[in-house]
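Each chain, written out:
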Amino acid sequence: MDKKKRRILGLSGGKDSTALAVLLHKEYPDIEYFFCDTHKELDETYEYLDRIKARLGIKIEYLSAERGFDHWLDIYGGFLPSPKMRWCTKKMKIEPLEKFVGDDEAISYIGIRADENREGYISTKPNIKPVFPFKERGLVKADIIGLLEESGIGMPDYYRWRSRSGCFFCFFQRKYEWVKLAEEHPDLFAEAVKYEQEHKDGRSYTWTEGETLLELLKRKEEIIIEHEKAMAREKILAPSRSLAEALDSVLNEEEDEQPCFACHL
């Protein structure tokens, strides 16, 4: 008997994967949509997923690891995930996805644009084939924003101050985003601080290299001023850009690491 062949599309709660769903949901009505839920997401992410479901009339499968973040943090000896040690991506996103697919043959549609120089997550499982519709069709950031506006879905609310979806304590956040997290969600910022401070063996781990979150917050005014200067430069260079586009450009202008596949699509 032939193995079941499936079409899958991972939604992250961000603009690119959402625009891909807008592009493909009528073209391939059998696509299975999934969201890897770490249970450490912003409320705004869940609200955006609800908006996607309502506008497109689709179902989203919420995938979760059998054990949560705190369990795996303990297994990894309290070592906080970082760009060089992304155990959270492996345990809470990749493994749930590969369990969801199993041994079925699957086409995985990935929302990487034609103007991006990255591949995202490529499964090592031979039964999962990656396809990049935006790259194939030459679609860039302006096209993605257009798709979202025309669909009525628009941008996630967190794009006012944050450039990507993902866990509220994501180590890929820029310092400005940590400052804004403290303003927008002080309870979540306090929880992130607690992760830094509480280790059974007394070792010190931080979300940002060389600085604790409380040290970072002491420099709040300095960080905001530098951000505002960068935004002003961006508006001079590209006055037609929206706030979300300008923010995305400023926060990622020095980005030298690829974020995990399910957090930035």
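Residues numbered from 1 in each chain as written. Predicted model: local features only at pLDDT ≥ 70, side-chain atom pairs only at ≥ 80, totals over all residues. Heavy atoms only, no water.

**Comments concerning the overall build of the protein chain**
Our working definition: Strands here mean DSSP runs of E at least two residues long; helices mean DSSP runs of H or I at least four residues long; both are numbered from the N terminus. A contact between two residues is defined here by any heavy atoms of the two lying within 4.5 Å.
Scanning the protein chain for helices and strands turns up 11 helices and five strands. Counting contacts in the protein chain only where the partners sit at least 6 residues apart, residues at least 24 apart contribute 67% of the total.

**Quick notes on the packing of aromatic side chains**
The geometry of two aromatic rings is summed up by the distance between their centres and the angle between their planes. The following threshold applies: Each pair of aromatic rings taken from Phe, Tyr and Trp, with Trp reduced to its six-membered ring, is defined by centres within 6.5 Å and is described as stacked if the planes are under 30 degrees apart, edge-to-face if over 60, and tilted in the remaining cases. Think of it in three bands: with a 1.4 Å probe and only protein chains considered, a residue is buried below 20% of the maximum accessible area for its type, exposed above 50%, and partly exposed in between. Consider the ring centre and the ring normal. A charge sits over the ring if Lys NZ or Arg CZ is within 6 Å of that centre and within 35 degrees of that normal.
Applying the stated criterion to the full structure yields 17 aromatic pairs. Pairing F69 with W87 gives two aromatic rings, centres 5.2 Å apart and planes at 25°, and the pair type is stacked. With F69 in helix α3 (residues 69–75) and W87 in helix α4 (residues 87–101), this residue pair connects regions lying 18 residues apart in the sequence. Taken as a pair, F69 and W87 share a single burial class, namely buried. The rings of F69, Y76, W87, F168, F169, W178, F189, Y195 and W207 are connected pair by pair, giving a single aromatic cluster. The ring of F100 carries the charged tip of R6 above its face, separated from the ring centre by 4.7 Å.

**Concerning the environment of A19**
Within the secondary structure, A19 sits in helix α1 (residues 15–24). Ignoring anything within four residues of it in the chain, the contact list for A19 reads F134, I144, L147 and L148.

**Considerations on the pattern of salt bridges**
Definition in use: One side-chain nitrogen of Lys or Arg within 4 Å of one carboxyl oxygen of Asp or Glu is enough to make a salt bridge.
Inspection of the entire model under this criterion finds 20 salt bridges. One salt bridge connects K99 with E66, and the closest N-O pair in it is separated by 2.6 Å. Here the residue K99 occupies a position in helix α4, and E66 occupies one in the loop between β3 (60–63) and α3, the gap between them amounting to 33 residues. For the residue pair K99 and E66, the accessibility class agrees, reading exposed in each case.

**Notes on the environment of I225**
For I225, the position within the fold is in helix α10 (residues 220–237). In sequence terms I225 and Y176 are 49 residues apart; their C-alpha atoms lie 9.7 Å from each other.

**Let's talk about the sheet that holds strand β5 (residues 128–131)**
In plain terms, the rule: In short, DSSP must find at least two bridges between two strands for them to pair. With axes taken as lines fitted to C-alpha atoms, and helix axes fitted only over the stretch in contact, angles between N-to-C directions fall between 0 and 180 degrees.
Sheet architecture is open: five strands sit in the order β3-β2-β1-β4-β5, paired in parallel fashion. Strands with a single pairing partner mark the edges of an open sheet, and in this sheet they are β3 and β5. Adjacent strand axes in the sheet meet at a mean angle of 30° when their direction is disregarded. Pairing of strand β2 (residues 32–36) with β3 involves four bridges; the strand directions are parallel. Residue pairing in the sheet places F35 in a bridge with Y62 of β3.

**A few points about helix α6 (residues 141–151)**
Residues of α6 that are buried include every one of K141, I144, I145, G146, L147, L148 and S151, and no others. Directly after α6, the chain includes G152, whose backbone phi takes a positive value near 85°.

**Notes on helix α2 (residues 43–56)**
The condition that has to hold: In a helix, the anticipated span is given by 1.5 Å times the number of residues less one. The arc refers to the directions leading from the helix axis to the C-beta atoms.
With 14 residues, α2 extends 20 Å between its outermost C-alpha atoms, agreeing within 8% with the 20 Å of an ideal straight helix rising 1.5 Å per residue. Considered for burial, the residues of α2 that qualify are E44, T45, Y48, L49, I52 and L56. When α2 is viewed along its axis, its buried side chains cluster within an angular range of 140° and face the same direction. Contact partners of the buried residues in α2: α1, β2, β3 and α6. G57 sits one or two positions beyond α2 and adopts a positive phi of about 65°.

**Structural notes on the confidence of the model for the protein chain**
Worth spelling out the cut-off: Confidence of the prediction at every residue is given by pLDDT, a number between 0 and 100.
The predicted model of the protein chain has a mean per-residue pLDDT of 87, with 85% of residues at 70 or higher. In the model, residues 254–259 has pLDDT below 50 throughout and makes 17 contacts with residues more than four positions away in sequence or in other chains. Note on residues 261–265: pLDDT under 50 across the span, and 30 contacts to partners over four residues away in sequence or across chains.

**Some thoughts on the pairing of β2**
Operational definition: Handedness is read with the strands pointing away from the viewer; a crossover is right-handed when the path from the first strand over the helix to the second is clockwise.
Along β2, four of the five residues are buried, which leaves the element largely enclosed by surrounding structure. Sheet analysis places strand β1 (residues 5–10) next to β2, joined by three bridges and oriented parallel. Opposite G10, over in β2, you have F34 as the bridge partner. Chirality of the crossover, the property in question, places the unit of β1, α1 and β2 among those that are right-handed. As for the winding sense of the linkage, the β-α-β connection from β2 through α2 to β3 is right-handed.

**Describing the environment of D115**
Our working rule: The term polar contact refers here to a pair of N or O atoms within 3.5 Å; inside protein, the definition further demands a hydrogen-donor-capable atom paired with an acceptor-capable atom, and it admits residues adjacent in sequence only when both atoms are side-chain atoms.
Residue position: D115 is located in the loop between β4 (105–109) and β5. Residue classification places D115 among the partly exposed residues on the basis of a relative accessible area of 39%. With 26 residues separating them in the primary sequence, D115 and K141 have C-alpha atoms 7.2 Å apart. Among residues more than four places away in sequence, those in contact with D115 are L139, V140 and K141. Engagement of the side chain of D115 in a polar contact is seen with the side chain of R113, the distance being 2.8 Å. In this structure the side chain of D115 is engaged in a polar contact, spanning 3.1 Å, whose partner is the backbone nitrogen of K141.

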